[in-house]
Amino acid sequence: MTRIKIKQLLQSEGTGQDVTVKGWVRSFRNNQFISLNDGSTNNNLQVVVDLNLIPEDIAKRITTGASIAAHGALVASQGKGQKVEVQAKSIEILGDCDPEKYPLQLKNKPSLEYLREIAHLRFRTNTFGAVFRVRHTLAYAIHKFFNDKGFLYLHTPVITASDAEGAGEMFRVTTLDAKNPPLNENGAVDFKQDFFGRAANLTVSGQLEGELGAMAFSDVYTFGPTFRAENSNTPRHLAEFWMIEPEMAFFDLNDNMALAEEMLKYVIGYALEHNREDIEFLTQRLLDEEKQKPQNERSELDLMQKLNFCLENAFAKITYTEAIDILKESPNYKKKKFQYPVEWGIDLQSEHERYLVEKHFKKPVVLTDYPKDIKAFYMRQNDDGKTVRAMDILFPGIGEIIGGSQREERLEKLEGRMKEMHIPTEEMYWYLDTRRFGSCPHAGFGLGFERLVLFVTGMTNIRDVIPFPRTPNNCEF
Ligand code: ATP
Ligand code: MN
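Residues numbered from 1 in each chain as written. Chains lettered and ligands numbered in written order. Predicted model: local features only at pLDDT ≥ 70, side-chain atom pairs only at ≥ 80, totals over all residues. Heavy atoms only, no water.

Caption draft 1: Quick peek at unusual backbone geometry. Within the chain, K362 stands out as a residue other than glycine whose phi angle is a positive 55°. Tracing the backbone through its elements, the reader meets K362 in the loop between α11 (350-361) and β13 (365-371). Not every positive phi belongs to a glycine, and F477 is a case in point at roughly 70°. Here F477 is to be found in the segment after α14 (449-457). (Helix = DSSP H or I, 4+ residues; strand = E, 2+ residues; numbered from the N terminus.)

Set out below in structure tokens:
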């Protein structure tokens, strides 16, 4: 008999029909009630065991974590908490699980830190089940959003020789002997003898290649892994993370902002619609977690309310210069509560971003027109000579979720800026060619996928929203 997934069974009417179900035992109460989960939904199916029907040697192998197949009648449940249950006629043990050794005996609620150490098993908990189903839905929704708008999904390379963007933050890719690399006349490592005949790295962004695509297809996006060897041990940085980078020809910064806001609202709405139960579960999880905190540190809105609030309200839009003015007028500044200085020209610190989003505007904020000296060379220069057409989108609890800009499409301006910033223009001939051959106004942005998943799941550490996090000193699994 074909197996039916638990999600589907829980939506069916229990009319006594025979079904086969497979999954992992979450618990076995009173030698009678199995809570069975197969990952298709956060909810467990109750399988009722009659010890007159199930041999004792089988029954005693029904332990937490064991994998089983149950065959029986799907009936309306007499107990509360579920609409239907399966009355088992036979049970097969597919894989035993020694309760003495199983690390997920859910008697005491395991901490998120402990579960990170057993990330190979944490998918089997309610919290991580919900998080990764939501992550899946968000990924799907992103592809759907762009596909429906006629964007082309462009696969930009993971290995790259261009280091224009993230000098110092890149992971080197090499097949040279680490103990005894070949040296050139100057005594430096001779990358001419390396696999690619030159030094190569893992990409920090697919943007530059994305721009090449936009100059032919109009609208493209990438969605792939990116790597940053930044030694920042924060709850918002990973060494390996996934980024979505749309790039649009004939877009200015206003078009870019509008697209980013529309996309974020679309994918959050999509998750609310398709992962309602998971988000309800995560909302409750966060409420329980916040009960440990003093009243004044708890969120005003719960997770579900926060997501809906984000959908229903227009993002605030201000320039960097206006943001600095707001910060200087703030009680935090006046009472010297900011750790870092506030001055036109500074790169905003997380405390500043959080003040703007969480205290001042209380909603997502789009900041534009940053000082050129704290932004990348490819951003379009404003006429004031001081600022560029950059935009960062800041989210409550997260800080920066998107970084983007209108790109500099004027060849002389772009080359001028590259020279000022000591970026080799000869090596970047391929990038500059787009400005030589049919250049046009264009714009794009990068969305950090894990930061989006953090926001939608209400988790607080980025290590808990990617299956196997890579961070400094951690590359387990
Ligand atoms: P931050 O200031 O938070 O380090 P950034 O300015 O370095 O971000 P960008 O280079 O603009 O970020 O990258 C685009 C997006 O990628 C960011 O808005 C963020 O959502 C995400 N991102 C950047 N670095 C990381 C990282 N180390 N781990 C996870 N996501 C990241
Ligand atoms: Mn960074």
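Caption draft 2: Here's a closer look at the sheet that holds strand β4 (residues 67-76). Strand order in the closed barrel made by the five strands is β1-β2-β3-β5-β4, with mixed pairing throughout. Shown here is a sheet whose adjacent strand axes are inclined to one another by a mean of 55°, direction ignored. Relative to strand β3 (residues 45-48), strand β2 (residues 33-37) runs antiparallel, the two being bridged by four bridges. Paired with S35 across the strands is Q46, a residue of β3. (Pairing = 2+ DSSP bridges. Axes fitted to C-alpha atoms, helices over the stretch in contact; angles between N-to-C directions.)

Caption draft 3: Quick peek at the side chain of R133. Of note, R133 is situated in helix α4 (residues 126-148). With a relative accessible area of 16%, R133 lands in the buried category. A polar contact is formed between the side chain of R133 and the backbone oxygen of G39, at a distance of 2.8 Å. A polar contact is formed between the side chain of R133 and the side chain of D278, at a distance of 3.0 Å. Filtering out sequence-adjacent residues up to four positions away, R133 remains in contact with G39, S40, T41, N42, N275 and D278. (Buried < 20%, exposed > 50% of the residue type's maximum accessible area, 1.4 Å probe, protein only. Polar contact = N/O pair within 3.5 Å; in protein donor to acceptor, adjacent residues only side chain to side chain. Contact = heavy atoms within 4.5 Å.)

Caption draft 4: Representation of the pairing of strand β15 (residues 399-406). Of all eight residues making up β15, six are buried, and the element is well covered by its neighbours. Two elements, strand β14 (residues 387-395) and β15, share six bridges in a ladder whose sense is antiparallel. Bridging across to β15, M391 finds its partner in G404. As judged from the five bridges shared by β15 and strand β16 (residues 442-448), these two strands associate in the antiparallel manner. When the bridges of β16 are listed, G403 appears paired with G446.

Caption draft 5: Representation of the packing of aromatic side chains in the model. If you walk through the whole model with that rule in mind, you get 22 aromatic pairs. Taking the centre distance of 6.1 Å and the plane angle of 50° together, the rings of Y140 and Y270 count as tilted. With Y140 in helix α4 and Y270 in helix α6 (residues 253-274), the pair connects residues that are 130 residues apart, well separated along the chain. Judged by relative accessible area, which is 45%, Y140 ranks as partly exposed. What makes Y270 buried here is its relative accessible area of 14%. (Phe/Tyr/Trp six-rings, centres within 6.5 Å; stacked < 30°, edge-to-face > 60°.)

Caption draft 6: Broad picture of the site of ligand 1. As a structural note, the neighbourhood of ligand 1 is formed by 15 residues, with R228, E230, H237, E400 and I401 the closest of them. Between an oxygen atom of ligand 1 and a main-chain N or O atom of G448, the distance comes to 3.2 Å. R451 places a side-chain nitrogen or oxygen 2.9 Å from an oxygen atom of ligand 1. For ligand 1, whose free accessible area comes to 590 Å², the fraction covered by protein is 79%. At the level of elements, β11 (240-249), β15 and β16 are the ones that each hand at least two residues to the shell around ligand 1. Tallying contributions element by element places β15 first for the shell around ligand 1, with four residues. Tallied by class, residues from the shell around ligand 1 come to six nonpolar, four polar and five charged. (Near = heavy atom within 4 Å. Areas by Shrake-Rupley, 256 points an atom, 1.4 Å probe, with all protein chains shown as cover. Nonpolar A, V, L, I, M, F, W, Y, C, P; charged D, E, K, R; others polar.)

Caption draft 7: The nonpolar core, seen in detail. Judged by nonpolar contacts, the single largest core of 66 residues is most densely connected at F395, I402, L452 and V456. Among the elements that take part in this core, α6 stands out by supplying 11 residues, more than any other. Beyond its immediate stretch of four places on either side in the chain, F395 contacts L264, I268, C310, F315, V357, P364, I401 and F455. Of all hydrophobic cores here, the second largest spans 31 residues; its members include F338, L348, L356 and Y431. (Core = buried A, V, L, I, M, F, W, Y, C linked by side-chain atoms within 4.5 Å.)

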